[in-house]
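Examination of the molecular architecture
Now for the letters of each chain:
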Amino acid sequence: MANFDLDSTVEELARSVEELPIRSKAALFGACAEVLVPLLDDVERRTSGKWTFSAARIALDLVPPFIEGGPAQGDHLELRKRILAAGPNGHELDSPWSSYAQDALTCADAALVAASTLGDLDFEPIWIQYVINPMVVSLDVQGYDVEFSPGPVGGNELQVQLDRVIAFLHSATARLSLQAVDRVTYRDLVEEAEIIRPTVLG
């Protein structure tokens, strides 16, 4: 059985994301960002509020009306700047917390881009790597090097955690390519996306 290849997997998923309608792109990244918000809450608590992330919540509240058929509202450039400036860098906060924050914020930003008036032009499918990265970082903390020492699919307990993330994303992009998104679909997607949030250690 071939070993897992992270780069090839990301590229394959990015191609699937690229083919999605713009509302489905907003739904996928909005759902994933919603699931990663608890990691932002953890960062806030762990740093006693040194970093806060209210802009991400504002962005995510703009996504459901758009995916349910409402018009895109503005370019959201100022809100995007606030989202992307909110996260700590690696030299400011130790891994995995800096990575968790940046991944969650990037997913929120991606959902907002898709829901903006320039969504079709500015959206980058490769942002799907930030949906996968929290689990990759979590496994790295546990001593499992996904990129340089990969095991076969299902090869061990840690690999299985990553396999489930990838399987969810393949399934979600396939379904979103075939069906319109409504409130129920979005709620179900958020529930299914829970698999991408790693169990926080320590």
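Note: the structure precedes this text.
In what follows, the accompanying structure is described. If you're wondering where the values come from, they're calculated on a predicted model, not measured in any experiment. (Residues numbered from 1 in each chain as written. Predicted model: local features only at pLDDT ≥ 70, side-chain atom pairs only at ≥ 80, totals over all residues. Heavy atoms only, no water.)

Further remarks concern the overall build of the chain. The secondary structure content of the chain amounts to nine helices and zero strands. Helices (α) and strands (β) of the chain occur, in sequence order from the N terminus, as α-α-α-α-α-α-α-α-α. In terms of principal-axis extent, the alpha carbons of the chain reach across some 45 × 40 × 25 Å. Classification of the 202 residues of the chain by burial places 50% in the buried group. In the chain, the share of contacts with a sequence separation of at least 24, taken over all contacts with a separation of at least 6, comes to 79%. Taking the average place of the 15 positive charges on the side chains of the chain and the average place of its 31 negative ones, the gap between the two points comes to 6 Å. (Helix = DSSP H or I, 4+ residues; strand = E, 2+ residues; numbered from the N terminus. Buried < 20%, exposed > 50% of the residue type's maximum accessible area, 1.4 Å probe, protein only. Contact = heavy atoms within 4.5 Å. Lys, Arg positive; Asp, Glu negative; His and termini not counted. Charge placed at Lys NZ, Arg CZ, Asp CG, Glu CD.)

Quick look at the pattern of salt bridges now. Where charged atoms from two side chains of opposite charge approach closely, those side chains can pair. The full count for this structure, using the stated rule, is eight salt bridges. The shortest N-O distance in the salt bridge between lysine 81 and glutamate 78 comes to 3.5 Å. Of this pair, lysine 81 and glutamate 78 are both found in helix H4 (residues 77–85), three residues apart, which corresponds to roughly one turn of the helix. The residue arginine 175 makes a salt bridge to glutamate 192 at a minimum N-O spacing of 2.5 Å. One end of the pair, arginine 175, is in helix H8 (residues 157–176); the other, glutamate 192, is in helix H9 (residues 183–192), with 17 residues separating them in the sequence. The exposure class assigned to arginine 175 is partly exposed, which follows from its relative accessible area of 28%. (Salt bridge = Lys/Arg side-chain N within 4 Å of Asp/Glu carboxyl O.)

Formally, a disulfide is one covalent bond, and it connects the sulfur atom of one cysteine to the sulfur atom of another. Inspection of every chain in the model, using the stated rule, returns zero disulfides. Left without a disulfide partner, cysteine 32 is nearest to the cysteine sulfur of cysteine 107, which lies 6.0 Å away. Accessibility expressed as a relative area gives 0% for cysteine 32, which makes it buried. (Disulfide = S-S within 2.5 Å.)

The next point concerns helix H2 (residues 22–46). Here H2 spans 36 Å end to end across 25 residues, near enough to the 36 Å set by a 1.5 Å rise per residue. Extensive coverage of H2 is indicated by the burial of 18 of its 25 residues. Serine 48 sits one or two positions beyond H2 and adopts a positive phi of about 55°. (Expected span 1.5 Å × (residues − 1).)

What follows is about the packing of aromatic side chains. The full count for this structure, using the stated rule, is three aromatic pairs. Between phenylalanine 29 and phenylalanine 123, the ring centres sit 5.4 Å apart and the planes meet at 75°, which makes this aromatic pair edge-to-face. On the criterion of sequence distance, the pair formed by phenylalanine 29 in helix H2 and phenylalanine 123 in the loop between helix H6 (119–122) and helix H7 (129–141) is long-range, its members being 94 residues apart. Each member of the pair, phenylalanine 29 as well as phenylalanine 123, is classed as buried. Ring geometry for tryptophan 97 versus tyrosine 100: centroids 5.4 Å apart, planes at 85°, classification edge-to-face. With tryptophan 97 and tyrosine 100 both in helix H5 (residues 97–114) and three residues apart, this pair spans about one turn of that helix. Here tryptophan 97 and tyrosine 100 have matching classes, each one buried. Taking the ring centre of phenylalanine 66 as reference, the NZ or CZ of arginine 23 above it sits at 4.5 Å. (Phe/Tyr/Trp six-rings, centres within 6.5 Å; stacked < 30°, edge-to-face > 60°. Lys NZ or Arg CZ within 6 Å of the ring centre and 35° of its normal.)

This paragraph deals with the side chain of threonine 9. Within the element layout of this structure, threonine 9 appears in helix H1 (residues 6–18). Beyond its immediate stretch of four places on either side in the chain, threonine 9 contacts Phe4 and Ile166.

By the secondary structure assignment, glycine 119 is in helix H6. For the pair glycine 119 and threonine 185, spaced 66 residues apart in sequence, the C-alpha separation works out to 21 Å. Not counting residues within four places of it along the chain, the set of residues in contact with glycine 119 comprises Ile22, Val113 and Ala114.

Note that all results are geometric; they support no functional claim without further evidence.
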